Amino acid sequence: MSTNKSFGTSPDSLGAQPDRDSRRRPATQHRQASKTTGRRGTAAGLASLEELPTAASAQLRGLKAIELLAKQPRTAAELARLMLINRSTALRLLQELASSGYIERNSQTKAYSPISSWLWGIVANSNDHSDIGETLRPVLSRFCEEYGEAMAYAVPAGGSMVYALYFTSRHHIALREQLGTVRAMHCSALGKAYLSALDPVSLDAKLGLLEYKDGTANAAHGPLELRERVMAAAESGFALDYGETFEGSACVAVPVWVRGKLVGAVGCQGPENRLPEGLLTEIGTRLLHELGAAL
């Protein structure tokens, strides 16, 4: 994704006009003033434009929008409320992201969501994950076959975990997800497993940046509560999710290291009635052992 792409409206498109003093300037002087300010117009015109984002902050606004949409599809009005911008700005931003191929719009719900193939393409082509799939795939496939539940390998993206590998449960009643599925770090076993492998300084910094909005009432509601759960995961070697992401769901996950670098987490998930705590502990312990031998 090119960092030269700018999301949002250019100040030049607003048609701000210079005042009479600026019109009297010689052409060379006027061009120099425009280069210095980066905008047309004098103080009066500039004041009305300063609230607009620069190219850099507009790019960050676009990335933030994609991160929010990755958690769940949202309409322009919903995105505007979350980003504290007006609806017309949010709609313009969404239209630019859609026309660039980053997101798509559901014609029935009018909600936007990221295009999974694009999101997966970024993850799959990074240096950390280019070859790990070949190593993890047989391990996840074997666990899926033995336990019958879904298996996933996820990587961090902001405050979320994105599925980079996914094996569907062989049961008829199961969570049906896919590559590119996004889960909040604070409530998912995958997220907590990843956090449990961070060093103390990095962990505290990350906990302070997370948004504690998604998940059920069982999820951690702040950094202190989450830190306790992450420390428990670090001690046992695996993280648990009992109805934190979804009511009635359960998951166990372990962190994944490649050549000494933390890259993500692997987990097994399914309904609580098929994954009691004892079975989750068994799966977590086996994942630790077999991934340690494979990687």
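About the criteria used
- Residues numbered from 1 in each chain as written.
- Predicted model: local features only at pLDDT ≥ 70, side-chain atom pairs only at ≥ 80, totals over all residues.
- Heavy atoms only, no water.
- Helix = DSSP H or I, 4+ residues; strand = E, 2+ residues; numbered from the N terminus.
- Polar contact = N/O pair within 3.5 Å; in protein donor to acceptor, adjacent residues only side chain to side chain.
- Contact = heavy atoms within 4.5 Å.
- Buried < 20%, exposed > 50% of the residue type's maximum accessible area, 1.4 Å probe, protein only.
- Salt bridge = Lys/Arg side-chain N within 4 Å of Asp/Glu carboxyl O.
- Expected span 1.5 Å × (residues − 1).
- Arc of directions from axis to C-beta.

In this section: the environment of His221. Position of His221 among the secondary structure elements: in the loop between α10 (200-209) and α11 (223-236). Measuring from C-alpha to C-alpha, the distance between His221 and Glu211 comes to 9.0 Å, with ten residues separating the pair along the chain. A distance of 3.1 Å separates a polar atom in the side chain of His221 from the backbone oxygen of Ala219.

Take the side chain of Asp241 next. Topologically, Asp241 is positioned in strand β6 (residues 239-242). When residues no more than four places from it in sequence are discounted, the contact partners of Asp241 are Cys187, Ser188, Ala189, Lys192, Ser249, Ala250 and Cys251.

Turning our eyes to something else, we now look at unusual backbone geometry. One non-glycine residue with positive phi stands out, namely Lys110, at about 65°. Considering the arrangement of structural elements, one finds Lys110 in the loop between β1 (103-105) and β2 (112-114). Although it is not a glycine, Arg259 sits at a positive phi angle of roughly 50°. Note that Arg259 resides in the loop between β7 (249-258) and β8 (261-271). Residue classification places Arg259 among the exposed residues on the basis of a relative accessible area of 66%.

This brings us to the pattern of salt bridges. Throughout the structure, instances matching the rule amount to ten salt bridges. The shortest N-O distance in the salt bridge between Arg229 and Glu225 comes to 2.7 Å. Of this pair, Arg229 and Glu225 are both found in helix α11, four residues apart, which corresponds to roughly one turn of the helix. Classification of Glu225 by relative accessible area gives partly exposed; the value is 30%. When the shortest N-O distance is used, the salt bridge between Arg229 and Glu244 registers 3.1 Å.

Moving on: helix α6 (residues 87-99). Spanning 13 residues, α6 covers 18 Å between terminal C-alpha atoms, matching the ideal 18 Å at 1.5 Å per step. Those residues of α6 that sit buried are Thr89, Ala90, Leu93, Leu94 and Leu97. With its buried residues spanning 130° around the axis, α6 presents them on a single face. Opposite the buried face of α6, by more than 90 degrees, sit the exposed residues Arg87 and Ser99. Note on α6: the residue one or two positions beyond its end, Gly101, has a positive phi of about 90°.

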